[in-house]
Amino acid sequence: MYLPPHDPHVDDPMRFKPLFRIHLMERKCATVECMYGHKGPHNGHIQIVKKDEFSTKCNQTDHHRMSGGRQEEFRTWLREEWGRTLEDIFHEHMQELILMKFIYTSQYDNCLTYRRIYLPPSSPDDLIRPGLFKGTYGSHGLEIVMLSFHGKKAKGTKITGDPNIPAGQQTVEIDLAHPLQLPDIENLRDFSELSRIVLEVQEQVRREEQEQQQEEEERSQQAASPPASSPLGGEGAEGEETAAGAEGITQSKAPASQPFVLPMGVISRNEDYPRTCRICFYGTGLIAGHGFTSPERTPGVFVLFDDDRFGFIWLELKSFSLYSRIKVSFQNAEAPSREAFDEMLKNIQSLAT
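Owing to the predicted nature of the structure, the values given are computational and were not obtained by experimental measurement. (Residues numbered from 1 in each chain as written. Predicted model: local features only at pLDDT ≥ 70, side-chain atom pairs only at ≥ 80, totals over all residues. Heavy atoms only, no water.)

**Points about the overall build of the protein chain**
A tally of regular secondary structure across the protein chain gives six helices and 18 strands. Every one of the 353 residues in the protein chain was classed for burial, and the buried ones make up 41%. Of all intrachain contacts in the protein chain linking residues separated by at least 6 positions in sequence, the fraction that spans at least 24 positions is 55%. Accessible area for the protein chain stands at about 19,900 Å²; split by element, carbon and sulfur atoms hold 52% of it. (Helix = DSSP H or I, 4+ residues; strand = E, 2+ residues; numbered from the N terminus. Buried < 20%, exposed > 50% of the residue type's maximum accessible area, 1.4 Å probe, protein only. Contact = heavy atoms within 4.5 Å. Areas by Shrake-Rupley, 256 points an atom, 1.4 Å probe, with all protein chains shown as cover.)

As structure tokens, then:
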């Protein structure tokens, strides 16, 4: 198991925890051992379900239990997973979320299914190199997010989830066609000023989407009837717009750094965030109730600090997430094609829903 560092230290290295091991014997025989729990290796089973998917099952789940019962198991899990004790956590809401996470994870400790994921393909035009990042998610602790680029959009997909937003969901979406001009450092401290700027861009994006939808409807109507004139003018205009958008993104890749500070009232788990940033973009973040109920996309600010760190200000939650790159090289993790990567993203999202 590949675990993030203890909350909220996003720049610390990842942690490894063995879950099973396979002994290859002669005559193509093998034995499988489950490594979960604190009583040493014990009998397990592996089944290959289909291509790029397999399952493990523990045959001796009593090895996972502790003499002190669930209370001792919870305290041990809390120490190992969060690096703290129950007495360290004063916030009642946080205690509730942590307990929910323990219940979720411990009920699946005897049978797990593994599916292959690909690292996102990169392009010279990308804002930064795509990849895996550790991010702060308030009382949920640290989670793993995959940042990938898709034309004028960038997507942050959850690789690990929580009781509100499961793994596979698109936690943030960045609109690279709409960079944000932050106010000066003094006015940036005023949350209402930042909110005003973001909501103005949100309204602009909404209008542009409506206009685009109307144009597409008109095109489909024209396609259904004989063309009255050559469509070259329309195509040229569209090409101009695309080029202008691409040029805006390219020009924004190397701006001068500017001072950055979180507005008053915005909560951050990690106060050690960079005090300068390169550029900001309008974006949306996914929020939901427990059990992924009533999900909705809400406006926010994507903040690019450097090649390995970015942040996201959740406007509605008045919360800030800080993300730091996972600097580990994975063997054979590249997608065979862009289409294969996009298909994988669809598949893990459908599993989550």
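Now that the structure has been shown, the text picks up again.
**Some points on the nonpolar core**
In this structure, L180, F260, V301, I313 and F320 are the most contacted members of the largest nonpolar core, which totals 26 residues. Taken together, the elements giving at least two residues each to this core come down to α4 (191–224), β15 (279–289), β16 (293–306) and β18 (319–325). The element contributing the most residues to this core is α4, with six residues. Look past the residues within four positions of F320 in its chain and what remains in contact with it is T136, L262, V266, I267, S268, Y273, F305, G311, F312, I313 and W314. Counting 20 residues, the second-largest nonpolar core is a separate cluster that includes F133, L147, L176 and F312. (Core = buried A, V, L, I, M, F, W, Y, C linked by side-chain atoms within 4.5 Å.)

**Looking at the side chain of D126**
Structurally, D126 is set in the loop between β7 (111–115) and β8 (131–136). One buried charged side chain, D126, makes no salt bridge at all; its nearest oppositely charged neighbour is R338, positioned 6.3 Å away. At 2.8 Å, the side chain of D126 and the backbone nitrogen of S123 are in polar contact. (Lys, Arg positive; Asp, Glu negative; His and termini not counted. Salt bridge = Lys/Arg side-chain N within 4 Å of Asp/Glu carboxyl O. Polar contact = N/O pair within 3.5 Å; in protein donor to acceptor, adjacent residues only side chain to side chain.)

**Structural notes on the pairing of β16**
Sheet topology note: the β15/β16 ladder contains 10 bridges and is antiparallel. Among the inter-strand pairings, L286 is bridged to a residue of β16, identified as R297. In textbook terms, the turn of a hairpin is the stretch between consecutive antiparallel strands, and for β15 and β16 this stretch comprises three residues, one of which, G291, has a positive phi near 75°. Inspection of the sheet shows β16 paired to strand β17 (residues 309–314) by six bridges, in the antiparallel sense. Looking across to β17, one finds that V301 is bridged to I313. With antiparallel pairing between neighbouring strands as the criterion, β16 and β17 make up a hairpin whose turn holds two residues. (Pairing = 2+ DSSP bridges.)

**A short note on a nonpolar patch on the surface**
Together, L99, I103 and Y104 make up a nonpolar patch on the protein surface, roughly 260 Å² of accessible area in all. Among the structural elements, I103 can be located in helix α2 (residues 92–106). I103 sits in the partly exposed class, given a relative accessible area of 42%. (Patch = residues over 30% accessible without salt bridge, like charges linked within 9 Å, V, L, I, M, F, W, Y side chains within 5 Å.)

**A short note on the pattern of salt bridges**
Applying the stated rule across the entire model yields 23 salt bridges. A salt bridge links R116 to D52, with the nearest nitrogen and oxygen atoms 2.7 Å apart. Of this pair, R116 sits in the loop between β7 and β8 while D52 sits in the loop between β5 (42–50) and β6 (53–58); the two residues are 64 residues apart in sequence, bridging distant segments of the chain. The exposure class of R116 is partly exposed, given its relative accessible area of 46%. R219 is the partner of E215 in a salt bridge, and the nearest nitrogen-oxygen pair spans 3.9 Å. Remark: R219 and E215 occur in helix α4; sequence separation between them is four residues, near one turn of the helix.

**Structural notes on the confidence of the model for the protein chain**
In this model, the protein chain carries an average pLDDT of 85, and 89% of its residues clear a pLDDT of 70 or more. Averaged pLDDT values over the elements of the protein chain bottom out at 39 in helix α5 (residues 232–251) and peak at 97 in β17. Scored below 50 in pLDDT, residues 229–254 makes 13 contacts in the model with residues more than four places away or belonging to other chains. (pLDDT = per-residue confidence, 0-100.)

**Describing the environment of N347**
Structurally, N347 is set in helix α6 (residues 338–352). Between the C-alpha atom of N347 and that of G168, which follows or precedes it by 179 residues, the distance is 8.3 Å.

**Topic: the packing of aromatic side chains**
Taken as a whole and assessed by the stated rule, the structure comprises 19 aromatic pairs. Through a chain of ring-to-ring contacts, three or more aromatic side chains come together here, namely F133, Y137, F281, F302, F310, F312, W314 and Y323. Looking at K158, its charged tip hangs above the ring of Y137, at a distance of 4.4 Å from the centre. It is K318 that lies over the ring of F191; its NZ or CZ is 4.7 Å from the centre. (Phe/Tyr/Trp six-rings, centres within 6.5 Å; stacked < 30°, edge-to-face > 60°. Lys NZ or Arg CZ within 6 Å of the ring centre and 35° of its normal.)

**Topic: the pairing of β8**
In terms of burial, β8 is largely enclosed, as six of its six residues are buried. Bridge count for β8 against strand β9 (residues 142–150) is six bridges, and the pairing is antiparallel. Paired with G135 across the strands is E143, a residue of β9. In textbook terms, the turn of a hairpin is the stretch between consecutive antiparallel strands, and for β8 and β9 this stretch comprises five residues, one of which, G138, has a positive phi near 55°. Relative to β18, β8 runs antiparallel, the two sharing three bridges. Within β18, the residue paired with K134 across the bridge is S324.

**Here we look at the side chain of R325**
Tracing the sequence through the fold places R325 in strand β18. Since its relative accessible area comes to 4%, R325 is described here as buried. When near neighbours in sequence (up to four residues on either side) are disregarded, R325 contacts I128, R129, P130, G131, L132, F133, K134, D307 and D308.

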